[in-house]
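Below, each chain spelled out in residue letters.
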Amino acid sequence: MRLQTQLTLAFTTLLVITMSIVAVTIHSLLLNVLIQNEQDQLQEKGEILTQFLFSEVSPRNFSNWLSDEELHLFVYDRSMDQVMLYSTSLDIGVIEQWVEHYDLTRREQPLWIDGHTNYVVSILPMYPDLLERDLVLITPLDDIQEIQQTFFNRLMIVFLVGILIIILLTHYLTHRLVTPLTQLRYQLKKIEKRHFDDIERIKATGEIKEVEESVIDMATELQRYMKSQQQFFQNASHELKTPLMTIQGYAEGIKDGVFQGEESERGLEVMVAEIARLKKIINEMILLAKLDSDENVYQESPLYISELIQATVDRALPLATDQQIALYHKVIDDMTIHVDKEKMLQAMMNIVTNAIRHAKSQVYIEVTQQSGRISITIDDDGAGIEDALMPHLFERFIKGKGGETGLGLAISRAIVQRSNGIITVEHSPMGGARFIIML
């Protein structure tokens, strides 16, 4: 069953139940009001009749009037416990049965019953200071029930018209609610089929609008991810293909005797170097894949930031000495961070060694605290990074001038992000590049 039909049925069912309860309640209240009104009228008629009875005028003389009014009366003597006078078409046996069954001392009487007919009753004392007699007025409930039924029938017509209007309104509102969801389902189908260029925005409000925006953001991110993956595989195949072709060329040349003597030895050295480079690329690709998908590859533990910086300097110092680059470091604010020490050290080494390779004379590492977060800044005085390359520097297989595999900075970003940190790059005041890690 479609959602619109379910919502319409649910609202209609709830409405019918609510209006049925209201109708039953109104029906009951209306009957009580009509009975009370009839009793008040009987009270007024009784007061008039009492004056005539006091003037010794027999109630039988009013039989025609009583018949027109559909009114029955009798006089009950409390001292003698008997009916003294009556003017009614009802059998005296019925009246005596009522007298025995009902408590005539109560002024508020329930409906009296004779077979299938109900009667409204009003009891008035006849000059209580002089007589112990009560005037009992009785009128059938049929007229009241007819009025009640007429009113109820009109009320039901109003209810049915109201239900019809509300059903139409509910159908319209649910249609407005469901239509954006249906359109959103079509857009999700396009995302499923990877037709990202065919995705259209839908008109919606409230939570549905928020869902629609989330779907669009998801599609945009998925498209970007798929393009990056496609680019990754293209770049990866190119990076893997180059050393493999070199290895294949020297291997075939040595096998066919093209390279002999020193050329053969040099070819073997090139093959070993290319195999090492190929192994490094593969290991870095595996590490990137694990950082993206394997939760257990990253094990956090407490670590002083000064300990991390000192370990980085100790490992990078031989390269800096070989390149004749001065390596400086300064920890202004030392704090404990929760990271995977080996992974974080690898991220730092990738950035620092990259800075050493591009620096002219010095690399400077500084640690400060900003708004409760640790800031690690790595500056070099090299040629810097081109503005066009800077937004893509942390993508896979994106290499600047003098780069190696193009995976080092991508690995650093993945490790920093797993550490709940942010890594950015900008121009350094020293003239080269500045990498900033916020932890």
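Residues numbered from 1 in each chain as written. Predicted model: local features only at pLDDT ≥ 70, side-chain atom pairs only at ≥ 80, totals over all residues. Heavy atoms only, no water.

**Focus on the overall build of the chain**
Helix and strand content of the chain: nine helices and 12 strands. In the chain, which comprises 439 residues, the share counted as buried stands at 39%. Of the contacts made within the chain by residues no fewer than 6 positions apart, 65% connect residues no fewer than 24 positions apart. Summed over all atoms, the accessible surface of the chain reaches about 26,400 Å², with 54% contributed by carbon and sulfur. (Helix = DSSP H or I, 4+ residues; strand = E, 2+ residues; numbered from the N terminus. Buried < 20%, exposed > 50% of the residue type's maximum accessible area, 1.4 Å probe, protein only. Contact = heavy atoms within 4.5 Å. Areas by Shrake-Rupley, 256 points an atom, 1.4 Å probe, with all protein chains shown as cover.)

**Details of the pairing of strand 5 (residues 133-140)**
Strand 5 sits mainly inside the fold: seven of its eight residues count as buried. Where strand 1 (residues 72-77) meets strand 5, six bridges bridge the pair, whose relative direction is antiparallel. For D77, the partnering residue across the bridge sits in strand 5 and is R133. Looking at chain direction, strand 4 (residues 117-125) and strand 5 are connected through seven bridges and run antiparallel. Residue pairing for strand 5: S122 is matched across the bridge by L137. (Pairing = 2+ DSSP bridges.)

**Quick word on the packing of helix 8 (residues 341-358) against helix 9 (residues 408-418)**
Their axes nearest at 9 Å, the elements helix 8 and helix 9 cross at an angle of 140°. The orientation of helix 8 relative to helix 9 falls into the category oblique. For the element pair helix 8 and helix 9, the recorded crossing hand is left-handed. Contact residues: helix 8 offers K343, M344, Q346, A347, N350 and I351, while helix 9 offers G408, L409, I411, S412, I415 and V416. (Axes fitted to C-alpha atoms, helices over the stretch in contact; angles between N-to-C directions. Parallel < 35°, antiparallel > 145°, perpendicular 65-115°, else oblique. Left-handed = near helix turned anticlockwise from the far one by under 90°.)

**Section: the pattern of salt bridges**
Scanning the model with the defined rule gives seven salt bridges in all. One continuous salt-bridge network, built from bridges that share partners, spans R201, K209 and E212. (Salt bridge = Lys/Arg side-chain N within 4 Å of Asp/Glu carboxyl O.)

**Let's talk about the packing of aromatic side chains**
If you walk through the whole model with that rule in mind, you get three aromatic pairs. With a centroid separation of 5.3 Å and 55° between ring planes, the pair formed by W98 and W112 is classed as tilted. With a gap of 14 residues between them, W98 in helix 3 (residues 92-101) and W112 in strand 3 (residues 112-114) connect regions that are remote in the sequence. Accessibility assignment for this pair places W98 and W112 in one class, buried. Relative to Y119, the ring of W98 lies with its centre 5.3 Å away and its plane at 65°, an arrangement referred to as edge-to-face. One end of the pair, W98, is in helix 3; the other, Y119, is in strand 4, with 21 residues separating them in the sequence. Of the two residues examined, W98 and Y119, each falls in the buried class. Through successive ring pairs, a cluster of aromatic residues spans W98, Y102, W112 and Y119. (Phe/Tyr/Trp six-rings, centres within 6.5 Å; stacked < 30°, edge-to-face > 60°.)

**Notes on a negative patch on the surface**
A contiguous patch of negative charge, built from D40, E44, E47 and E108, is present on the exposed surface. Looking at the element boundaries, D40 is found in helix 1 (residues 3-54). Classification of D40 by relative accessible area gives partly exposed; the value is 39%. (Patch = residues over 30% accessible without salt bridge, like charges linked within 9 Å, V, L, I, M, F, W, Y side chains within 5 Å. Lys, Arg positive; Asp, Glu negative; His and termini not counted. Charge placed at Lys NZ, Arg CZ, Asp CG, Glu CD.)

**Quick notes on the side chain of S419**
For S419, the location among the structural elements is in the loop between helix 9 and strand 11 (422-427). Given the relative accessible area of 8%, S419 is considered buried. With residues near it in sequence (within four places) discarded, S419 still touches Y298, V339, M344 and L439.

**As for helix 3**
Of the positions making up helix 3, those classed as buried are V94, I95, W98 and V99. Taken down its axis, helix 3 places every buried residue within 140° of arc, on the same side. Seen from the buried face of helix 3, the exposed residues on the opposite side, beyond 90 degrees, are Q97, E100 and H101. (Arc of directions from axis to C-beta.)

**So, the nonpolar core**
Proteins that are soluble and globular tend to have nonpolar side chains buried together. The biggest cluster of nonpolar side chains holds 53 residues, and the ones touching the most others in it are I376, I378, F435 and I437. When near neighbours in sequence (up to four residues on either side) are disregarded, F435 contacts I351, N354, I376, T377, I378, I385, L393, F394, L409, T424 and V425. (Core = buried A, V, L, I, M, F, W, Y, C linked by side-chain atoms within 4.5 Å.)

**Remarks on unusual backbone geometry**
The phi dihedral of Q324 falls on the positive side, at around 60°, and the residue is not glycine. Position of Q324 relative to the elements: it lies in the loop between helix 7 (305-322) and strand 7 (326-331). Here Q324 falls in the exposed class, since its relative accessible area comes to 69%.

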